[in-house]
Amino acid sequence: MSETIRAVLTDPDVKGYVRLGERELREAGSDDVVICVERFSLNRGEVRFASGKPSGTPIGWDVAGTVESGAGFEPGTRVVAFVRAQDGWAQKVVVPARDVAPVPSDVSLDIAAALPVAAGTALAAIDAGGDGLIGRRALVTGVTGGVGGFAVQLARAAGTTVVAQVRQQAQVKYAESLGADQVVVTSDGSELADVEGFRLVVDGIGGQLLQRAIAKLDDDGVAVAYGVTGSPEIALPLGAMLGKGRATIRGLNLYAVSDVIPPSARLPRLLELVARNRLVADIVDRGSWSNVARVCDDLIERRFQGKAVLHVD
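Conventions used here
Residues numbered from 1 in each chain as written. Predicted model: local features only at pLDDT ≥ 70, side-chain atom pairs only at ≥ 80, totals over all residues. Heavy atoms only, no water. Salt bridge = Lys/Arg side-chain N within 4 Å of Asp/Glu carboxyl O. Helix = DSSP H or I, 4+ residues; strand = E, 2+ residues; numbered from the N terminus. Buried < 20%, exposed > 50% of the residue type's maximum accessible area, 1.4 Å probe, protein only. 1 Å grid on protein atoms, 1.4 Å probe; cavity = no way out; pocket = protein on both sides within 12 Å on 5 of 7 lines; lining within 4 Å. Points joined across faces, edges and corners; volume = space filled by probe spheres on them. Nonpolar A, V, L, I, M, F, W, Y, C, P; charged D, E, K, R; others polar. Pairing = 2+ DSSP bridges. Axes fitted to C-alpha atoms, helices over the stretch in contact; angles between N-to-C directions. Contact = heavy atoms within 4.5 Å. Right-handed = clockwise from strand over helix to strand, strands pointing away.

Caption draft 1: Just the pattern of salt bridges, in detail. Considering all chains together, one arrives at 17 salt bridges under this definition. Two residues, D110 and R39, come together in a salt bridge whose shortest N-O distance is 3.3 Å. Remark: R39 occurs in strand β3 (residues 32-41) and D110 occurs in helix α2 (residues 109-113); sequence separation between them is 71 residues. Taking the relative accessible area as the measure of exposure, R39 reaches 18% and is therefore buried. Three or more residues joined by partner-sharing salt bridges are found here, namely K15, R294, D297, D298 and R303.

Caption draft 2: Expanded view of the layout of surface pockets. Estimated volume of the largest pocket: approximately 1,100 Å³. Around the largest pocket, the lining is made up of 43 residues, and of these R44, R48, V147, Y226 and T229 lie nearest the centre. For the lining of the largest pocket, the secondary structure elements donating two or more residues are α1 (44-51), α3 (118-128), α4 (146-157), β9 (161-166), α8 (254-260) and β15 (307-311). Of the residues assigned to the lining of the largest pocket, the class counts are 18 nonpolar, 19 polar and 6 charged.

Caption draft 3: Seen up close, the sheet that holds strand β10 (residues 182-185). What the 6 strands build is an open sheet, ordered β10-β9-β8-β11-β12-β13; its pairing is parallel. The sheet terminates laterally at β10 and β13 (248-251), the two strands that pair on one side only. Across the sheet, the mean angle separating the axes of adjacent strands is 15 degrees when strand polarity is ignored. Pairing of strand β11 (residues 198-203) with strand β12 (residues 217-225) involves 5 bridges; the strand directions are parallel. Of the residues in β12, the one forming a bridge with V202 is V224. The sheet strands contacting helix α6 (residues 207-214) are β8 (137-140), β9, β11, β12 and β13, and the helix crosses β12 at an angle near 155 degrees.

Caption draft 4: Geometry of empty space enclosed by the protein. Applying the stated criterion across every chain, the model contains 1 cavity of 30 Å³ or more. Approximately 70 Å³ is the volume attributed to the largest cavity. Every residue along the wall of the largest cavity is listed here: G145, G146, G149, F150, Q153, Y174, L178, V280, A281, D282, G306 and K307. Considered class by class, the residues forming the lining of the largest cavity number 5 nonpolar, 5 polar and 2 charged.

Caption draft 5: Representation of the pairing of strand β5 (residues 78-82). Within β5, 4 of the 5 residues are buried, which leaves it mostly tucked inside the rest of the structure. With 5 bridges joining them, strand β4 (residues 62-70) and β5 adopt antiparallel strand pairing. The partner of G65 across the bridge, within β5, is V79. Where β5 lies against strand β7 (residues 100-102), 3 bridges are found, and the strand directions are antiparallel. Across the sheet, the residue bridging to V79 is P102, located in β7.

Caption draft 6: How the structure looks around the pairing of β11. Most of β11 is tucked away, with 6 of its 6 residues classed as buried. Bridge count between β8 and β11: 3 bridges; the pairing is parallel. Looking at β11, one finds that L139 is bridged to V201. Where the polypeptide runs from β11 across α6 and back to β12, its parallel neighbour, the crossover connection is right-handed.

Written out as structure tokens, the structure reads:
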């Protein structure tokens, strides 16, 4: 018999593009875990998704809670999950076990819920830099967003000197609080001209900023593009790339990465860093999920920095 649960559903006709409603819980298979969701975090990508979907579509990637039943976990185990079916903002969710990881006792569910997509993407971007990051330089763009903020911290943990890009002078102190060694205030990358080169560029903006960052890559540098909040097109500086010889540009999609390295392997690395105080989630809005439409609207309009985590009550 199917179970009816409360859930966040899309509604393109309301502010924030979401509302609370009801839906049926998907039946669990032999390799699935049923999670009673206690916390979920929000990403701008989900809200974009919500704005273009028919009313009543489920939504949500990042969840944390306790296991009700399922493969490989005792009931009551605290867990975090990357819900690739994107139906996680609900009282309960069914998730493949490979996308679930246990949460250590010294890590809060609030922090855990903020990790799967934003910190997971940041970790995959740093990993894409490969060996040889220690003692080198990394540029992270868009550090006031979820991925960028985690990427600054993870790049520091990997032993790099981190240069952070922000758009406004008022954001400099925030970037420094994340651990950035140098902060460049620029929207189009023109201020990078006098900055030393980079072994790694982590970019979620695109456009001229990425174009100019690529031109600053070291001979063996790697530019990782994980998103586009600016222009989706760049003029590739072929002369600079050919002159470097070994520099590369990579696109990063967390779904594709998760097919190769499942979240059950990636999330414990992040949780361990949190437990050792090497990684901090800047959670700026904790409250009831009844506020989800307002928080989604705030996220769209960039009214806060860091991650919003809501409680399922």
